[in-house]
Amino acid sequence: MATTADIKKGLCIEMNGDLLSVVDFLHVKPGKGSAFVRTTLKSFKTGRSIDHTFPSGTKIDIARIERRPYTFSYKDDLGYHFMHSETWEEVTIQEDIINAPQFLMEGQAVEMIVHADTETPLSCELPAFVEMTVTYTEPGVKGNTATNAMKDATVDTGAKIRVPLFINEGERIKVDTRTAEYSERIKS
């Protein structure tokens, strides 16, 4: 069994029947009184962040989680279907545990966080940046690129994002999946 001295960012702990990931932590030793650890924890069940303070030396239950490579296959009424990249095992998950489902394309590589003891998928993370093709956008006006003005665009998955005025239909762009924002144009 671990103690609060083992707490670090990304650690997954079990507390109150929930799996929580440590987002941030701070060891505090006040001038008067005993030391404590102030943490920010994110629930895998609800997705909410909570602040929790542990007295120093408190025992914590560390949950075993694994990061596994999967490939997106297809979506239907049951959910999103993924195939393990090495074992070819197929798993179906719901949209609420995928960090950016609007950018999923067939054959897209993702990383799934799985609770190792129960084999339950906890979250599915797309790469930080994905390459997409602009399928629709209003044409850019020549000479209107001096400002940081943006316009609406639709990418090949149907997602709508804001892009600079100089981006045209058919161009390949890089999209940040964490913020759902345009990152850069891909030169061919």
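Just so you know, these numbers come straight off a predicted model, no measurement behind them.

### Some thoughts on the overall build of the chain
- Each helix and strand in the chain was counted, giving zero helices and 16 strands.
- Against the compact-globule benchmark of 16 Å for 188 residues, the chain has a radius of gyration of 21 Å, which places it well outside the compact range.
- On the principal axes, the C-alpha backbone points of the chain span a range of 65 × 45 × 25 Å.
- Per-residue burial over the chain gives 36% buried out of 188 residues.
- Relative to all contacts within the chain whose residues are 6 or more apart in sequence, the contacts with residues 24 or more apart total 43%.
- Entry remark: accessible area of the chain is about 11400 Å², with carbon and sulfur atoms responsible for 50%.

### Describing the sheet that holds strand β12 (residues 129-137)
- Read across the sheet, five strands follow the order β14-β13-β12-β15-β16 without closing on themselves; strand pairing throughout is antiparallel. Strand pairing shows two members of the sheet lacking a second neighbour, β14 (160-164) and β16 (181-185), which therefore form its edges. On average, adjacent strands in this sheet sit at an angle of 55° to one another, irrespective of strand direction.
- In this structure, β12 lies alongside strand β13 (residues 150-155), joined through three bridges in antiparallel fashion. Within β13, the residue paired with threonine 137 across the bridge is alanine 153.

### Considering the environment of alanine 159
- Assignment of secondary structure puts alanine 159 in the loop between β13 and β14.
- Apart from the residues lying within four places of it in its own chain, the contact partners of alanine 159 are Gln102, Phe103, Ala153 and Thr154.

### Quick notes on the pairing of strand β11 (residues 120-125)
- Sheet topology note: the strand β10 (residues 109-115)/β11 ladder contains five bridges and is antiparallel. Note that in β11 the partner of histidine 115 across the bridge is threonine 120.
- In this antiparallel pair of consecutive strands, β10 and β11, the connection spans four residues, and glutamate 119 shows a positive phi of 60°.

### As for the pattern of salt bridges
- Under the defined criterion, the tally for this structure stands at 11 salt bridges.
- With a shortest N-O distance of 2.8 Å, arginine 67 and glutamate 111 are connected by a salt bridge. Of the two residues, arginine 67 is situated in strand β7 (residues 65-76) and glutamate 111 in strand β10; the sequence distance between them amounts to 44 residues.
- Sharing partners across several salt bridges, the network here consists of Glu66, Arg68 and Glu119.

Calculation rules
- Residues numbered from 1 in each chain as written.
- Predicted model: local features only at pLDDT ≥ 70, side-chain atom pairs only at ≥ 80, totals over all residues.
- Heavy atoms only, no water.
- Helix = DSSP H or I, 4+ residues; strand = E, 2+ residues; numbered from the N terminus.
- Rg over C-alpha atoms; globule rule 2.2 N^0.38 Å.
- Buried < 20%, exposed > 50% of the residue type's maximum accessible area, 1.4 Å probe, protein only.
- Contact = heavy atoms within 4.5 Å.
- Areas by Shrake-Rupley, 256 points an atom, 1.4 Å probe, with all protein chains shown as cover.
- Pairing = 2+ DSSP bridges.
- Axes fitted to C-alpha atoms, helices over the stretch in contact; angles between N-to-C directions.
- Salt bridge = Lys/Arg side-chain N within 4 Å of Asp/Glu carboxyl O.

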